[in-house]
Amino acid sequence: MHPVNDIYIIDTTNTNPYINLAMEEYLYEHFIEGTAILFLWQNANTIVIGQNQSAYSQCEISEVKKAGILIARRRSGGGAVYHDLGNLNYTFISQNKPKVCADNFNIILQMLKDVGLDAEFSGRNDILIDGKKVSGNAFLCDDKKMCHHGTLLVDSDQDMMYRLLRIDNEKWKDKGIKSAKGRTENLKHYLPNVSVDLLKDLLKKEFCSFYSGATIHEGVDKQSSLFDKEELEKLVKKYSSSEWIFEKQFEENLHIQKRFNWGQITISMNIRKNIIEEIAFLSDAMDTAIIENVTQRLEKASFCVDSILNVFTELEERYESNQILRDIKDLLIVEVPENRR
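First things first, this report covers the structure right here in the doc. Computed from a predicted model, the values in this text were never measured in an experiment.

**Considering the packing of aromatic side chains**
Right, on to step 1. All chains considered together, the criterion is met by 11 aromatic pairs.
Right, on to step 2. Taking 5.9 Å as the distance between ring centres and 15° as the angle between the ring planes, the aromatic pair formed by Phe 39 and Trp 41 counts as stacked.
Right, on to step 3. Under the relative-accessibility criterion, Trp 41 is labelled buried at 4%.
Right, on to step 4. Ring plane angle 45° and centroid distance 4.4 Å describe the contact between Phe 105 and Phe 121, whose orientation is recorded as tilted. Here the residue Phe 105 occupies a position in helix α4 (residues 100–114), and Phe 121 occupies one in strand β7 (residues 120–122), the gap between them amounting to 16 residues.
Right, on to step 5. Taking the relative accessible area as the measure of exposure, Phe 105 reaches 6% and is therefore buried.
Right, on to step 6. Aromatic ring contacts, followed pair by pair, group Tyr 90, Phe 92, Phe 207, Phe 210 and Tyr 211 into a single cluster.
Right, on to step 7. The aromatic ring of Trp 244 is capped on one face by Lys 238, whose charged end is 4.5 Å from the ring centroid.

Right, dumping it as structure tokens:
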């Protein structure tokens, strides 16, 4: 484990989601061991969907067009969110080590405590105050590095959020909540004088305090010397492209949808001559790597029990019998016709 010798704070004034997501990916892919990064950013009026979600299923496209709202897709898992200038986004990029997410959450919780707000971590990825969600988080990682990003609802237009997003109320039923509407709350509800700028300053302070002793480097916007302009522009083109935002469509032979305790999943497959020619997984599961691996292994595989079991046996050995893998495997095997067993 490498000690953190340098910390970088990037506080951008840019509000274009495609540029911000490109900057975030650039910082993640160019991460250097022995450093830690705090990236603070805001998007103007944007729906941001998870990597394995469909824009068509997650938001009201007609309402989005009417309101002039942008749609963007991030690389991390989790569900769709609405961003406006009443929302502060933060990204922690650091070495992937034990308890790194807990450390990041503690920085956020301490920052909220500094302004007199008693918040708590809850569930898979939420920060709550009085049982109301004020922050949601998502993650992207590999063996060496971790990208942990989240939102803080400061003074966001929640009416717009609920009008644009297709909220799945089924996911709250097991928690005794009849509707997701009203489950979120702005920080201004609890502290009228709070502002995005105030929270930025406090978050920087807590980040520096956590990594006390490290050399501090501050950069602003995409003009920072941290970025290669040409490479960054390529990433911006990727994030703004319709190919990235709107998934490939194909005729569906099989369509399965189910909610588990780790999230919802929709599986669409085009099967020809007993071969899975095309397959797409749409999910708000936090672990995108597992979904990607299942997709890659199943495409062009035979749609039969033995073939499916072989794919999942290999993956379960790699991921140590992950619950997501077991649930997807069981979901698929039930759908295999009798004459393909």
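**Thoughts on the environment of Pro 192**
Right, on to step 1. When you line up the elements, Pro 192 lands in the loop between α7 (187–190) and α8 (196–210).
Right, on to step 2. Residue classification places Pro 192 among the exposed residues on the basis of a relative accessible area of 57%.
Right, on to step 3. Sequence-wise, Pro 192 and Ser 57 are 135 residues apart; in three dimensions their C-alpha atoms are separated by 35 Å.

**Points about the sheet that holds strand β2 (residues 35–41)**
Right, on to step 1. In space, the eight strands of this open sheet follow the order β7-β8-β9-β10-β6-β2-β1-β11, with mixed pairing throughout. This sheet does not close on itself; its edge strands, each paired only once, are β7 and β11 (215–219). Adjacent strand axes in the sheet meet at a mean angle of 20°, parallel and antiparallel pairs treated alike.
Right, on to step 2. Pairing of strand β9 (residues 132–141) with strand β10 (residues 145–153), which is carried by five bridges, proceeds in the antiparallel orientation. The residue of β10 that forms the bridge with Asn 137 is Gly 150.
Right, on to step 3. Set on the sheet, helix α1 (residues 17–29) makes contact with β1 (6–11), β2, β6 (87–95), β9 and β10; between it and β2 the angle comes to about 175°.

How each quantity is defined
- Residues numbered from 1 in each chain as written.
- Predicted model: local features only at pLDDT ≥ 70, side-chain atom pairs only at ≥ 80, totals over all residues.
- Heavy atoms only, no water.
- Phe/Tyr/Trp six-rings, centres within 6.5 Å; stacked < 30°, edge-to-face > 60°.
- Buried < 20%, exposed > 50% of the residue type's maximum accessible area, 1.4 Å probe, protein only.
- Helix = DSSP H or I, 4+ residues; strand = E, 2+ residues; numbered from the N terminus.
- Lys NZ or Arg CZ within 6 Å of the ring centre and 35° of its normal.
- Pairing = 2+ DSSP bridges.
- Axes fitted to C-alpha atoms, helices over the stretch in contact; angles between N-to-C directions.
- Contact = heavy atoms within 4.5 Å.

Treat this as a map of the structure, not an account of what it does.
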